[in-house]
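Chain by chain, the residues run as shown.
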Amino acid sequence: MQEPNHTARILGIESSCDETAAAIVANGQTILSNVVASQIEIHRKYGGVVPELASREHLRRIVPVVREAATQANMNLRDVDAIAVTRGPGLVGSLIVGVTYGKALAMSLNKPLIPVNHLEGHVHAVLLEAHLANRAPEFPAVCLIVSGGHTILYRVIHTGAAERGNGSIVRGDGDPLHYGRIGGTRDDAAGEAYDKVAKMLALGYPGGPIVDQLAPFGDSNAVRFAPTKIRGNAYDFSFSGIKTAVFYLLRKHPELQPEIDTRIAALARGERSVEAIRPLCSKFTLDLVASFQRSVVEDLVRRTMGAAEEFKARAILVSGGVAANRALRVAFDDAGAQAKRSIYFPSRALSTDNAAMIAAAAYPKFRNGEAADVTLNAEANLPLA
Ligand code: KG4
Ligand code: ZN
């Protein structure tokens, strides 16, 4: 348990996918350092994350990244109060590197080790900054986590908080949150669809940022994708259909191959900026990109807003790599204004994987005295709820 007035400085370690990250966060709110070593350059030539290469790279980077987090925070690792580590979900080989290193560090420094669910980290990425801006969301909330590995909707409730007169509750510092799964993707994650469509069109890797930048140059009404029909749960997602639709559309248009080849050549020369790629895209390609993005964004917003309505959410939190998408942010802001519901996004830096969110998520657990022992294991499929 934390003593009153003591500032708890927690070192977070994140290695669930392709970023090796470490950060130190004070009281779950103030980021003292936030270091992310991205592996994008390593996986780029494969157009996706290669698990074996990811774990090898985590092994190479984890020690310097943690040291850098201490240096940037102007701290000695001996002075942190706890070590938080992502336990799952994620790539098992990658997770093992973080968990093993976190355990060793906690043991050698004699500090509590706090396991964190990566998805709970994404929720805290939003709360961390909302708190800094003095704009803490009210609960219950609905949270959409949308990234390369996940597209999942949770109901977030909160206990132990002060009630407001109007029946809503506000998060107190370090209070624990509770999660209920509302729905999730049945096949591909939204970010995966971005990456695969970008790969088919030779737009570069990762696909999300370049599609985001190219989409405003196309007509988003040009290509009509059939709406995704999902039986059963209205809050489930499916993105493999639109990916396959793009695949068949490209098969029907072999005349696009020469422009695809020029982009392959440009990417091979390291020309990846939107300024370099856009002139190599026909109107048809730009329209396709814009229409794809519109369809994905509309689907994400519609189902999330529907869930918010059904569960009477006071706030809607959107987090994960795809939450960096500009069109998604605009669409959510518009839908939120219309439905009179507050929308919360992390900054773009905290949207993608980082360790500040892991350290922040660990803070309520630290206050509750939760800690793991040396038997802690990585869990590739660890559910949040
Ligand atoms: O959260 P993240 O860093 O890692 C995972 O946990 O997956 O998310 C990476 C994913 C990739 O699929 C990437 O294409 C997507 O997020 N992404 C974006 C944008 N920036 C990153 N998708 C759409 N628009 C963006 N601006
Ligand atoms: Zn993530």
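An account of the accompanying structure is given in this report. None of these values were measured; they are calculated from a predicted model.

### A short note on the nonpolar core
- Leu203, Leu214, Phe292, Leu300, Val318, Leu328 and Phe332 are the most contacted members of the largest nonpolar core, which totals 54 residues.
- Counting residues per element, this core draws most heavily on helix H10 (residues 283-310), which supplies 12 residues.
- In contact with Leu328, not counting residues within four places along its chain, are Val146, Val297, Leu300, Val301, Val318, Val322, Ala323 and Phe345.
- The next biggest cluster of nonpolar side chains, apart from the first, holds 26 residues, and it includes Ala37, Ala69, Ile83 and Tyr101.

### Focus: the site of ligand 1
- Taken together, 21 residues lie around ligand 1, and Gly148, Asp195, Gly208, Asp212 and Asn325 are the ones closest in.
- In this structure, Asn325 approaches ligand 1 through a side-chain N or O atom, which is 2.9 Å from a nitrogen atom.
- For ligand 1, whose accessible area on its own is 550 Å², the fraction buried by protein is 91%.
- When contributions to the shell around ligand 1 are tallied by element, the ones reaching two or more residues are helix H4 (118-132), helix H5 (190-200) and helix H6 (207-214).
- No other element matches the four residues that H6 contributes to the shell around ligand 1.
- Counted by class, the shell around ligand 1 contains five nonpolar, 12 polar and four charged residues.

### Quick look at the coordination of the zinc ion (ligand 2)
- Protein coordination of the zinc ion (ligand 2) is provided by His118 (NE2), His122 (NE2) and Asp353 (OD), with donor distances spanning 2.1 Å.
- For the zinc ion (ligand 2), the four donor atoms are set out with angles of 93 to 145° between them, so the coordination reads as irregular.
- Written as a sequence motif, the donor residues of the zinc ion (ligand 2) are H-x3-H-x230-D. One end of the pair, His122, is in helix H4; the other, Asp353, is in the loop between helix H12 (348-351) and helix H13 (356-367), and 231 residues separate them in sequence.

### Quick notes on the pattern of salt bridges
- Inspection of the entire model under this criterion finds 18 salt bridges.
- Note that Arg186 is salt-bridged to Asp236, the shortest N-O span being 2.8 Å. Note that Arg186 is positioned in the loop between strand S10 (177-184) and H5 and Asp236 in the loop between H6 and helix H7 (240-252), a separation of 50 residues in sequence.
- Bridged by salt links that share partners, the residues Asp188, Glu192, Lys196 and Lys243 form one connected network.

### Details of the packing of aromatic side chains
- By the definition in use, this model includes six aromatic pairs.
- Look at Tyr194 and Phe292: their rings are 5.2 Å apart centre to centre, the planes differ by 80°, and that puts the pair in the edge-to-face class. Taken together, the positions of Tyr194 in helix H5 and Phe292 in helix H10 put the pair 98 residues apart, joining distant regions of the chain.
- Overall, the relative accessible area of 1% leaves Tyr194 in the buried class.

### Considering the side chain of Ser15
- Relative to the helices and strands, Ser15 resides in the loop between strand S1 (9-14) and strand S2 (19-26).
- The class of Ser15 is buried, set by a relative accessible area of 1%.
- Here Ser94 takes part through its backbone oxygen, which lies 2.8 Å from a polar atom of the side chain of Ser15.
- Once residues lying within four places of it in the same chain are set aside, the contact partners of Ser15 are His58, Ser94, Leu95, Val97 and Gly98.

Reading guide: rules and limits
Residues numbered from 1 in each chain as written. Chains lettered and ligands numbered in written order. Predicted model: local features only at pLDDT ≥ 70, side-chain atom pairs only at ≥ 80, totals over all residues. Heavy atoms only, no water. Core = buried A, V, L, I, M, F, W, Y, C linked by side-chain atoms within 4.5 Å. Buried < 20%, exposed > 50% of the residue type's maximum accessible area, 1.4 Å probe, protein only. Helix = DSSP H or I, 4+ residues; strand = E, 2+ residues; numbered from the N terminus. Contact = heavy atoms within 4.5 Å. Near = heavy atom within 4 Å. Polar contact = N/O pair within 3.5 Å; in protein donor to acceptor, adjacent residues only side chain to side chain. Areas by Shrake-Rupley, 256 points an atom, 1.4 Å probe, with all protein chains shown as cover. Nonpolar A, V, L, I, M, F, W, Y, C, P; charged D, E, K, R; others polar. Donors = N, O, S within 2.8 Å, 3.2 Å for Na, K, Ca; no water. Tetrahedral: all angles 85-135°; square planar, octahedral: opposite > 155°, others 65-115°. Salt bridge = Lys/Arg side-chain N within 4 Å of Asp/Glu carboxyl O. Phe/Tyr/Trp six-rings, centres within 6.5 Å; stacked < 30°, edge-to-face > 60°.

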